[in-house]
Amino acid sequence: MAEEAHSLVIDQVVRQALDNANLTENDLSAVAVTIGPGLSLCLRVGVQKARRIAGQFSLPIVGVHHMEAHALVARLIEKNLQFPFLALLISGGHNLLILAHELGHYLQLGTTIDDAIGEAYDKTARWLGLDMRKGGGPALEELAMEGDPNSINFSIPMKQHKDCNFSYAGLKTQVRLAMESRKISPGSDPISLTNSEGRRSRADIAASFQRVAVLHLEERCQRAIEWALKIEPSIKYLVVSGGVASNKYVRARLNHVVENNNLQLVCPPPSLCTDNGVMIAWTGIEHFLSGRFDPPPPDNEPEDAMFELRPRWPLGEEYLQGKSEARSMKKARMYPSLTSMIQDSLQQQS
Ligand code: KG4
Ligand code: ZN
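Everything numeric in this text was worked out from a predicted model, so none of it was measured.

Asks: Whenever I open this one, the layout of surface pockets confuses me. Can you help?
Replies: Gaps left between atoms show up when a probe the size of a water molecule is rolled over them. In this structure, the largest pocket spans a volume of roughly 1400 Å³. Lining the largest pocket are 43 residues, with Ala-32, Val-33, Thr-34, Gly-277 and Ile-280 positioned closest to its centre. Of all the elements in the fold, those that place two or more residues in the lining of the largest pocket are α1 (2-20), β1 (31-36), α2 (40-56), α3 (66-77) and α10 (277-289).

Asks: Would you explain the side chain of Asn-95 in this entry?
Replies: Mapped onto the secondary structure, Asn-95 falls in strand β4 (residues 95-102). For Asn-95, the side chain forms a polar contact with the main-chain nitrogen of Ile-117, separated by 2.8 Å. In this view, Asn-95 contacts Leu-89, Ile-90, Gly-110, Thr-111, Thr-112, Ala-116, Ile-117, Phe-166, Tyr-168 and Leu-217; residues no more than four positions away in its chain are not counted.

Asks: Help me out: how do you make sense of the packing of aromatic side chains in this one?
Replies: Tallying each qualifying case throughout the model produces four aromatic pairs. Ring centres of Tyr-121 and Phe-209 lie 5.1 Å apart, and the angle between their planes is 80°; this geometry places the pair in the edge-to-face category. On the criterion of sequence distance, the pair formed by Tyr-121 in helix α4 (residues 117-127) and Phe-209 in helix α7 (residues 196-231) is long-range, its members being 88 residues apart. The class for Tyr-121 is buried, based on a relative accessible area of 2%. Note on Phe-209: relative accessible area 0%, which makes it buried. When the ring centre of Trp-127 is taken as origin, the NZ or CZ atom of Arg-176, which lies over that ring, is 4.8 Å away.

Asks: Just to check I follow, could you spell out a nonpolar patch on the surface for this structure?
Replies: Side chains of Leu-8, Val-9 and Val-13 sit close together on the surface and give an oily, nonpolar patch of about 270 Å² of accessible area. With respect to the helices, strands and loops of the structure, Leu-8 is situated in helix α1. Overall, Leu-8 belongs to the exposed group, its relative accessible area being 64%.

What counts, and at which threshold
Residues numbered from 1 in each chain as written. Chains lettered and ligands numbered in written order. Predicted model: local features only at pLDDT ≥ 70, side-chain atom pairs only at ≥ 80, totals over all residues. Heavy atoms only, no water. 1 Å grid on protein atoms, 1.4 Å probe; cavity = no way out; pocket = protein on both sides within 12 Å on 5 of 7 lines; lining within 4 Å. Points joined across faces, edges and corners; volume = space filled by probe spheres on them. Helix = DSSP H or I, 4+ residues; strand = E, 2+ residues; numbered from the N terminus. Polar contact = N/O pair within 3.5 Å; in protein donor to acceptor, adjacent residues only side chain to side chain. Contact = heavy atoms within 4.5 Å. Phe/Tyr/Trp six-rings, centres within 6.5 Å; stacked < 30°, edge-to-face > 60°. Buried < 20%, exposed > 50% of the residue type's maximum accessible area, 1.4 Å probe, protein only. Lys NZ or Arg CZ within 6 Å of the ring centre and 35° of its normal. Patch = residues over 30% accessible without salt bridge, like charges linked within 9 Å, V, L, I, M, F, W, Y side chains within 5 Å. Areas by Shrake-Rupley, 256 points an atom, 1.4 Å probe, with all protein chains shown as cover. Salt bridge = Lys/Arg side-chain N within 4 Å of Asp/Glu carboxyl O.

Here is the structure:
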């Protein structure tokens, strides 16, 4: 279904983007396209389209890492944001703390050992019977404003692990248990059908969940700032990006952490935090200008031509001190990281 949804709209989305920009393909200097990480069926739709345009108009092609794009789009809105900087990337599929040394060179200080925070927001929203049409995260953020964030004492994940990794599976279980003890059955009745007492009870769960979910981010960011400043003392900025970064509570709480450490927060506007094409184009520009791109593919490339997709593709190498025994990531069929690929090719050139 996801593949079909992509195939159905890809042509008109590209057409509309060009029309809105008052451009034609002839005005382009290159085509940037996401090649990973993500569902290969969906990646393929985008890459095929990009290769068709690039082939037809003889344009170079830039393969982009989705999470790098979430981080780098901050440089489009904050022109003073120079490398090195620290980035917290929070989305539906990823929770990453990254030290960006320079373009294409990233050190992974932490990642999630199970679920990403966006997933936990979505799941909690669905269980609480919220209207998912505008997205689980925004719906939960809204309901949380009505609730008491201190009404339920959820425990903060991974307190005993003094690293920068994340875990949200346990918090999800705590939410389920809290619902059961309040006789709310997960996902079975829409909040619009409950009375005011029931609504209040769900708002309390939402607010308490959000408080603890974000406290976990705050604790990890504080530690990551300490680690990062030891490695790169010149760091001045923490970038917070990815869909969950459009949450006002998340921004406000992280802004405190950042200010307490005399750093500055850069958080793109919500339209550039949630998945968008601008961030891919911008990252394409950054790599294109540094000479990293592929030559135009042949015109009329056959539909079944082979090209590379990278469904599982880390952004950077893991920081050794940050390696956690709690991590259970499967390494099978994983690509070498973007950073190690770029470093290898630089070495081969010299
Ligand atoms: O970056 P993104 O658009 O897509 C992925 O790469 O995953 O992030 C989507 C995630 C979803 O889980 C969505 O519920 C969450 O971001 N999200 C939010 C908010 N807006 C989007 N979570 C909490 N509060 C929000 N306001
Ligand atoms: Zn994303």
